[in-house]
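Residue strings, one per chain:
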Amino acid sequence: MQLVDIGANLTHDSFDRDRDEVLARARAAGVAQLVVTGASREHSPLALELAQRHPGMLYATAGVHPHHASEYTDECDAEMRALHAHPQVVAVGECGLDYFRDFSPRPAQRRAFERQLQIGADTAKPLFLHQRDAHADFMAIMKDFDGRLGPAVVHCFTGTREEMFDYLDNDWYIGITGWLCASAAARTCASW
Ligand SMILES: [Zn+2]
């Protein structure tokens, strides 16, 4: 069986010493492709650079995590759109809402999320989404884009059964926190 890891935080500096070894072990374990998560202005270009160094095995997302939503300016939006012009950038995100940690103010989180969903609508790329303790606002914003978005995975799922069915009713996928953290390529995701 061949596996695809869709959420590898491989740009994190904890991989600087052994990134190639991690990739070799992933390949040996049957992981044919990995999507490197871009989650900030700093790391999204790095995710693309890494993907370009490993064509056919690595791909990237480009986005700004809700923790970094305060940095989502017009200039940042232009940077994200430039990254999405590259074919190796295969999904929009990581983006969404995180009211569990509130590292960025909630209005800034909603604004950054909406602007990135607009990129998703404009590019028709899949979405790599994050939601924690923000279900109602998350659903309201997603509803504003109803019918204009590609497939979506809502990772870091920690919600209720009812919330899960809200996602499944929309044909969105969920990622379970903990499973991702167990993967060889995701040492850093515990709080993300
Ligand atoms: Zn996340």
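Residues numbered from 1 in each chain as written. Predicted model: local features only at pLDDT ≥ 70, side-chain atom pairs only at ≥ 80, totals over all residues.

1. Topic: the overall build of the chain
Helix and strand content of the chain: seven helices and seven strands. Each helix and strand of the chain, placed in order from N terminus to C terminus, yields the pattern β-α-β-α-β-α-β-α-β-α-β-α-β-α. The C-alpha atoms of the chain give a radius of gyration of 16 Å, which matches the 16 Å a tight globule of 192 residues would have. If one aligns the C-alpha atoms of the chain with their principal axes, the spans along those axes are about 40 × 40 × 30 Å. Taking all 192 residues of the chain together, 41% fall into the buried category. Pairs at least 24 apart in sequence give 73% of the contacts found in the chain among residues at least 6 apart. (Helix = DSSP H or I, 4+ residues; strand = E, 2+ residues; numbered from the N terminus. Rg over C-alpha atoms; globule rule 2.2 N^0.38 Å. Buried ≥ 20, exposed ≤ 12 C-beta atoms within 10 Å, placed from the backbone. Contact = placed C-beta atoms within 7 Å.)

2. Description of the sheet that holds strand β1 (residues 3-8)
Strand order in the open sheet formed by seven strands is β1-β2-β3-β4-β5-β6-β7, and the pairing between neighbours is parallel. Where the open sheet ends on each side, the last strands, each with one partner, are β1 and β7 (173-176). On average, each strand axis in the sheet is inclined to that of its neighbour by 25 degrees, with strand direction left out of account. Both strand β3 (residues 58-62) and strand β4 (residues 89-98) contribute to a ladder of three bridges, which runs parallel. Pairing of Ala-60 across the sheet is with Val-89, part of β4. (Pairing = 2+ DSSP bridges. Axes fitted to C-alpha atoms, helices over the stretch in contact; angles between N-to-C directions.)

3. A word on unusual backbone geometry
Residue Glu-94 follows Gly-93 across a cis peptide bond; omega there is 10 degrees. Looking at the secondary structure, you find Glu-94 in strand β4. Residue Ala-124 is not a glycine yet carries a positive backbone phi of 65 degrees. If you trace the backbone, Ala-124 turns up in the loop between α4 (106-123) and β5 (127-132). Overall, Ala-124 belongs to the exposed group, with 11 C-beta atoms counted inside 10 Å. Phi is positive for Asp-171, close to 65 degrees, though the residue is something other than glycine. Along the chain, Asp-171 falls in the loop between α6 (161-169) and β7. The exposure class of Asp-171 is exposed, given the 8 C-beta atoms found within 10 Å.

4. Some remarks on the pairing of β5
Counting buried residues in β5 gives six out of six residues, a clear majority hidden from the surface. Burial along β5 is two-sided: the face carrying Leu-127, Leu-129 and Gln-131 and the face carrying Phe-128, His-130 and Arg-132 are both buried. Of the pairings in the sheet, the one linking β4 to β5 comprises six bridges and is parallel in character. The partner of Leu-97 across the bridge, within β5, is Gln-131. Remark: the β4/α4/β5 crossover connection has right-handed handedness. (Right-handed = clockwise from strand over helix to strand, strands pointing away.)

5. Re the nonpolar core
Counting residues in each nonpolar core, the largest one holds 43 residues, and the members touching the most others are Val-35, Val-36, Ala-51 and Ala-60. For this core, the leading source of residues is β4, giving five residues. Once residues lying within four places of it in the same chain are set aside, the contact partners of Ala-60 are Val-35, Val-36, Gly-38, Ala-47, Leu-48, Leu-50, Ala-51, Gln-88 and Val-89. (Core = buried A, V, L, I, M, F, W, Y, C linked by C-beta atoms within 7 Å.)

6. Here's the deal with the pairing of strand β6 (residues 152-157)
By the criterion of burial, β6 is predominantly enclosed, with five of the six residues buried. Across four bridges, the pairing between β5 and β6 is parallel. Following the sheet pairing, Phe-128 is matched in β6 by Val-153. In this fold, the crossover linking β5 to β6 by way of helix α5 (residues 135-144) has right-handed handedness. Alignment of β6 against β7, held across three bridges, turns out to be parallel. Of the residues in β7, the one forming a bridge with Val-153 is Tyr-173. In the classification by handedness, the crossover that spans β6, the intervening α6 and the parallel β7 is right-handed.

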